[in-house]
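Chain by chain, the residues run as shown.
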Amino acid sequence: MTAGDPLHRVLPLPQLFELRDGSLPISARTRIVTGAGIDEHDHTASHLVADVQRATGLHLGRAQEAGPGDILLQLDSGAAAHGPEGYALDVDQDGAVVRAATAHGLWNGTRTLVQLLPHDPLEARLPWVHIVDQPRFEWRGVMLDVARHFFGVDQVLRFIELIARFKLNRLHLH
């Protein structure tokens, strides 16, 4: 593995990571598709749109039906084996699919998908991968000491965004 290897961009390290030959181009035609059971205005899909735009400069549209090259977010009771925060992510020539049994699992899957982006507008591609993951620990947290050091609202919100990016689920404010 080299430093440019997509595995090095994914934190924490997934339980199963299979890198395949090829990549999926992300373009203005790529859409975020929410499968059955996901509200059209779900925050996970909205965050994904914003994060892809931040990484690539592309604003992806939303859709109800998946087409070639789209990113599908799908609640799937069959993914219950991955646990309540687990997910499966598959990227191939047809598109990207994040499957999870819960909304929290979908959130974690989209965080991994964003980490796979090279964060280069000229190179907006996702590597073909098969990833299955679930947190190893139920409690994954950080502490922010606002009692001894002043942090503005924007700084605290940025901190929360950063811990969410790495799938941490507890914030302790001291």
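The structure we're discussing is the one just above.
About the thresholds
- Residues numbered from 1 in each chain as written.
- Predicted model: local features only at pLDDT ≥ 70, side-chain atom pairs only at ≥ 80, totals over all residues.
- Heavy atoms only, no water.
- Helix = DSSP H or I, 4+ residues; strand = E, 2+ residues; numbered from the N terminus.
- Expected span 1.5 Å × (residues − 1).
- Buried < 20%, exposed > 50% of the residue type's maximum accessible area, 1.4 Å probe, protein only.
- Arc of directions from axis to C-beta.
- Contact = heavy atoms within 4.5 Å.
- Pairing = 2+ DSSP bridges.
- Axes fitted to C-alpha atoms, helices over the stretch in contact; angles between N-to-C directions.
- Core = buried A, V, L, I, M, F, W, Y, C linked by side-chain atoms within 4.5 Å.

> How do you make sense of helix H3 (residues 153–165) when you look at a structure like this?
Count 3.6 residues to each turn of an α-helix, and residues three or four apart come out pointing the same way. Look at H3: 18 Å from first C-alpha to last across 13 residues, which is about the 18 Å you get at 1.5 Å a residue. Here H3 has its buried residues at Val-156, Ile-163 and Ala-164. Taken down its axis, H3 places every buried residue within 100 degrees of arc, on the same side. Residues of H3 that are buried sit in contact with helix H2 (103–116), strand S8 (141–144) and strand S9 (170–173). Directly after H3, the chain includes Lys-167, whose backbone phi takes a positive value near 65 degrees.

> What should I look at first to understand the sheet that holds strand S5 (residues 87–92) in this one?
What holds strands together in a sheet is hydrogen bonding between their backbones, with the strands either parallel or antiparallel. Across the sheet, seven strands lie side by side as S1-S7-S5-S6-S4-S2-S3; this open sheet has mixed pairing. Both edges of this open sheet fall to strand S1 (16–25) and strand S3 (61–63), since each of them pairs with a single strand only. Strand after strand, the sheet turns through a mean of 20 degrees between neighbouring axes, direction not considered. Both S1 and strand S7 (residues 125–133) contribute to a ladder of seven bridges, which runs antiparallel.

> Explain the nonpolar core to me, please; I cannot follow it from the model alone.
Across soluble globular proteins, nonpolar side chains show a tendency to be buried alongside one another. Membership of the largest hydrophobic core comes to 30 residues, with the highest contact counts inside it found for Ile-26, Ile-71, Leu-73 and Leu-126. Counting residues per element, the ones that place at least two in this core are S1, helix H1 (43–56), strand S4 (70–75), S5, strand S6 (95–100), H2 and S7. Considering every element that reaches this core, the biggest residue donor is H1, with five residues.

> Which parts of the structure should I look at to understand the pairing of S6?
Regular strands show a simple pattern: their side chains alternate between the two faces of the sheet. Of all six residues in S6, five are buried; the element is thus mostly enclosed. Across six bridges, the pairing between S4 and S6 is parallel. When the sheet's bridge partners are listed, Leu-75 is paired in S6 with Ala-100. Two strands pair when backbone bridges link them, and S5 and S6 are joined in this way by five bridges, in the antiparallel orientation. For Asp-92, the partnering residue across the bridge sits in S6 and is Gly-95. The hairpin turn running from S5 into S6, its antiparallel successor, is two residues long.

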